[in-house]
There are 2 protein chains.
Amino acid sequence: MKRIKLIVSYDGTNYSGWQLQNNAETIEGVLNGALSSLTGESIIVTGASRTDAGVHALGNVCVFDTETRIPPEKIALALNTHLPEDIRVMHSCEVSSDFHPRHADTLKTYEYRIWNDRIANPIQRLYTNFIYYDIDTDAMYRASRCLVGEHDFKSFCSAGSNATTTVRTVTGIDIERDGCLITIRVKGTGFLYNMVRIIAGSLMNVGMGLSPESSIQEMLEAKDRAAAGPTAPACGLTLMGIVYPNGEDRDITG
Amino acid sequence: MKRIKLIVSYDGTNYSGWQLQNNAETIEGVLNGALSSLTGESIIVTGASRTDAGVHALGNVCVFDTETRIPPEKIALALNTHLPEDIRVMHSCEVSSDFHPRHADTLKTYEYRIWNDRIANPIQRLYTNFIYYDIDTDAMYRASRCLVGEHDFKSFCSAGSNATTTVRTVTGIDIERDGCLITIRVKGTGFLYNMVRIIAGSLMNVGMGLSPESSIQEMLEAKDRAAAGPTAPACGLTLMGIVYPNGEDRDITG
């Protein structure tokens, strides 16, 4: 039995998120089905990040155990022939049997993208959140400084989370503008339910001048979801990648 | 009666091109329907570029005549409430009653986008053409030089065109690489049927090393469609914009 790691990219537009559901199409469900038909085994993957409905990923990670004789590094290519075009496996390799993709010390990078113009752009609409009002990205950046570091992010966590602690570490927030495209890049070692989208929604309110720059610090101190801004729409969010410490996800073939 | 000019952007993925058809959804058909319900008149637009099925646009132009009392500059916003999200009117204004959008002296800019990587990117798949093989963009650029200028582009015109002459002027071709994204930008005063996609397909063959750099000059001289490369897939092509000479498309309000 081998443990195989996959790096998975997907357009989340047409899926009810990552996690398996009975009556809805999910990324995990499609992967399980494709892997089972590829290997002839009954495969259930374990994902690193259970992204929400409509959220995209360029580098989610999952693992599964298999007896297949397909060489580990060839599984990506073989699997892609069993997958729809909006899901692609970018990489496959064999990892240690004790590697688990949901590890507390991973570094995850998310990007939240905003299309800021008077009229929405049809070819950006699926991967950005359209905002009509002028956005001051410098104000957003200044307001975001207080979020970097280890904090209790209780205000930035949706109800329905069953996290035992709401303390998390954000290692960096960058905000870039390139024409009409604004990217909020958030890196951290762990994220609460909807945390990046609530951070994005709160910073967008600052950028539009609906909340003062100091409001983010007040939200953090309130430790109350009602104090923070709205959960920004799913389509703007992309999980860019996950880095594991000490090479624990390394290829152990050969 | 006023003549109104619209600048129209669209994601061509789900349409059978610009031009009205009886049994297929087209950009023109959707615009005619939205304008007719907005104004209460029976409106038929005249488009500048009748883009093919699956081709995108960020700045196509069309005109129509109307008695509506909606101020010309407000038509864009009002019309967008009647349109699906994959079609947006970016701008509207009143133009001279003798302005016609298909004018010989316009300058059109097209971009043909390639995603060049070992595995396709799901969130780029609708707006780029995926190519697995290594592409030498410098070779493409050198090969493209002979296309710039006034030439008989007969080899770069699909059958089915009823153009009276196949002489056209390409004013510039740029080729850029930004990571996996390669953009071929073609500007010219007129284009034959499928001309940009055949130029893109021919240059891609040079970039992949399937044809020598000198092949483009030979294609041009052959004046035979069979001598040129394949018509590159529609999804990679976007009509970026159209410039009219002497401000003939200028806003005449007020």
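Residues numbered from 1 in each chain as written. Chains lettered and ligands numbered in written order. Predicted model: local features only at pLDDT ≥ 70, side-chain atom pairs only at ≥ 80, totals over all residues. Heavy atoms only, no water.

Colleague: For this particular structure, what's the right way to read the overall build of chain A?
Modeller: Helix and strand content of chain A: five helices and 10 strands. Over its C-alpha trace chain A gives a radius of gyration of 19 Å, about what one expects of a compact globule, namely 18 Å for 254 residues. With the C-alpha coordinates aligned to their principal axes, the bounding extent of chain A is approximately 60 × 40 × 35 Å. Looking at the 254 residues of chain A, the share that counts as buried comes to 54%. Restricting the contact set of chain A to residue pairs at least 6 apart, pairs at least 24 apart contribute 72%. When the accessible surface of chain A is split by element, carbon and sulfur atoms take 47% of a total near 11,100 Å². Each charge class in chain A was averaged separately, 23 positive and 30 negative side chains, and the resulting centres sit 1 Å apart. (Helix = DSSP H or I, 4+ residues; strand = E, 2+ residues; numbered from the N terminus. Rg over C-alpha atoms; globule rule 2.2 N^0.38 Å. Buried < 20%, exposed > 50% of the residue type's maximum accessible area, 1.4 Å probe, protein only. Contact = heavy atoms within 4.5 Å. Areas by Shrake-Rupley, 256 points an atom, 1.4 Å probe, with all protein chains shown as cover. Lys, Arg positive; Asp, Glu negative; His and termini not counted. Charge placed at Lys NZ, Arg CZ, Asp CG, Glu CD.)

Colleague: Got a minute to help me understand the interface of chain B and chain A in this structure?
Modeller: By a widespread convention, an interface's size corresponds to the accessible area lost as its parts come together. On the chain A side, the residues contacting the 21 residues of chain B number 21 residues. For Asp11 of chain A, the salt bridge identified is with Arg125 of chain B, shortest N-O distance 2.8 Å. Here chain B and chain A share two residue pairs in polar contact (both at pLDDT 80 or more) between them. Those elements that place two or more of their residues in the side of chain B that touches chain A are strand 1 (2-10), strand 3 (56-66) and strand 4 (87-95) of chain B. Top contributing element to the side of chain B that touches chain A by residue count: strand 4 of chain B, with four residues. Residues that form the side of chain B that touches chain A fall into these classes: 11 nonpolar, four polar and six charged. (Salt bridge = Lys/Arg side-chain N within 4 Å of Asp/Glu carboxyl O. Polar contact = N/O pair within 3.5 Å; in protein donor to acceptor, adjacent residues only side chain to side chain. Nonpolar A, V, L, I, M, F, W, Y, C, P; charged D, E, K, R; others polar.)

Colleague: How should I be thinking about the side chain of Thr66 of chain A in this particular structure?
Modeller: All names here are of chain A. Relative to the assigned elements, Thr66 resides in strand 3 (residues 56-66). Separated by 2.9 Å, the side chain of Thr66 and the backbone nitrogen of Thr68 make a polar contact. Residues in contact with Thr66, not counting those within four places in the same chain, are Met1, Lys2, Ile4, Thr39, Glu41 and Ile43.

Colleague: Help me understand the environment of Pro84 of chain A, please; the structure alone is not making it clear to me.
Modeller: Residue and element names in this part refer to chain A. As for its placement among the helices and strands, Pro84 is situated in the loop between helix 2 (75-80) and strand 4 (87-95). With a relative accessible area of 31%, Pro84 lands in the partly exposed category. Spatially, the C-alpha atoms of Pro84 and Leu31 are 9.9 Å apart, while their sequence positions differ by 53 residues. With residues near it in sequence (within four places) discarded, Pro84 still touches Tyr15 and Val30.

Colleague: Please explain helix 3 (residues 137-144) of chain B as it appears in this structure.
Modeller: Helical geometry note: an α-helix holds 3.6 residues per turn, so side chains three or four residues apart project in the same direction. Residues and elements named next belong to chain B. Within helix 3, burial applies to Thr137, Ala139, Met140, Ala143 and Ser144. Each buried residue of helix 3 sits inside an arc of 155° when the element is viewed along its axis, so together they form one side. Looking at the packing, one finds that the buried side of helix 3 touches strand 5 (107-116), strand 8 (167-178), strand 9 (181-188), helix 4 (195-207) and helix 5 (215-222). One side-chain oxygen at the N-terminal end of helix 3 lies 3.0 Å from the backbone nitrogen of Asp138; it belongs to Asp136. (Arc of directions from axis to C-beta.)

Colleague: Please clarify how the pattern of salt bridges should be interpreted in this entry.
Modeller: All names here are of chain B. Counted by the stated rule, this structure contains 20 salt bridges over all chains. The salt bridge partner of Arg3 is Asp65, with a shortest N-O separation of 2.9 Å. Here the residue Arg3 occupies a position in strand 1, and Asp65 occupies one in strand 3, the gap between them amounting to 62 residues. On the basis of relative accessible area, Asp65 is assigned to the partly exposed category, the value being 34%. Arg197 is the partner of Asp52 in a salt bridge, and the nearest nitrogen-oxygen pair spans 3.4 Å. Residue Asp52 is located in the loop between strand 2 (46-47) and strand 3, and its partner Arg197 is located in helix 4; the two are separated by 145 residues in the primary sequence.

Colleague: How do you make sense of the pairing of strand 10 (residues 237-243) of chain A when you look at a structure like this?
Modeller: The side chains of a regular strand alternate, residue by residue, between the two faces of the sheet. Residues and elements named next belong to chain A. Of all seven residues that make up strand 10, five are buried, and the element is covered over most of its length. In this structure, strand 3 lies alongside strand 10, joined through two bridges in parallel fashion. Note that in strand 10 the partner of His56 across the bridge is Thr238. Across six bridges, strand 5 (residues 107-116) lies against strand 10 in antiparallel orientation. Bridging across to strand 10, Leu107 finds its partner in Val243. (Pairing = 2+ DSSP bridges.)

Colleague: Can you walk me through the packing of helix 3 (residues 137-144) of chain A against helix 4 (residues 195-207) of chain A in this structure?
Modeller: Helices that pack against each other are described as a pair by the angle of their axes relative to one another and the distance between those axes. All names here are of chain A. The interhelical angle for the contact between helix 3 and helix 4, taken along N-to-C directions, is 130°, at an axis separation of 8 Å. The angle between helix 3 and helix 4 places the two elements in the oblique class. In the crossing of helix 3 with helix 4, the sense of the turn from one axis to the other is right-handed. Judged by residue contacts, Ala139, Met140, Ala143 and Ser144 of helix 3 engage Leu203, Met204, Val206 and Gly207 from helix 4. Of the residues in the contact of helix 3 with helix 4, the class split is six nonpolar, two polar and no charged. (Axes fitted to C-alpha atoms, helices over the stretch in contact; angles between N-to-C directions. Parallel < 35°, antiparallel > 145°, perpendicular 65-115°, else oblique. Left-handed = near helix turned anticlockwise from the far one by under 90°.)

Colleague: Just to check I follow, could you spell out the relation of the copies chain B and chain A for this structure?
Modeller: These two copies of the chain differ by a rotation about an axis and a displacement along the same axis. For the match of chain B to chain A, the screw axis carries a shift of 0.0 Å, the RMSD comes to 0.0 Å, and the turn is 180°. What the superposition gives is, in effect, a two-fold axis relating one chain to the other. By residue overlap, the copies meet face to face through one surface: 100% of the interface positions of chain B are interface positions in chain A. (Least-squares fit on C-alpha atoms with pLDDT ≥ 70 in both.)

Colleague: For this particular structure, what's the right way to read unusual backbone geometry?
Modeller: Both trends apply: most residues other than glycine have a negative phi, and most peptide bonds are in trans. One non-glycine residue, Asn246 of chain A, adopts positive backbone phi at about 55°. In this fold, Asn246 of chain A is placed in the segment after strand 10.

Colleague: What's the story with the confidence of the model for chain A in this structure? I'm lost.
Modeller: Atom-level detail of predicted coordinates should not be read off regions where pLDDT is low. Residues of chain A with pLDDT of at least 70 account for 100%, and the chain-wide mean is 96. Overall fold confidence for the complex sits at a pTM of 0.94, while the interface term, ipTM, reaches 0.91. (pLDDT = per-residue confidence, 0-100.)

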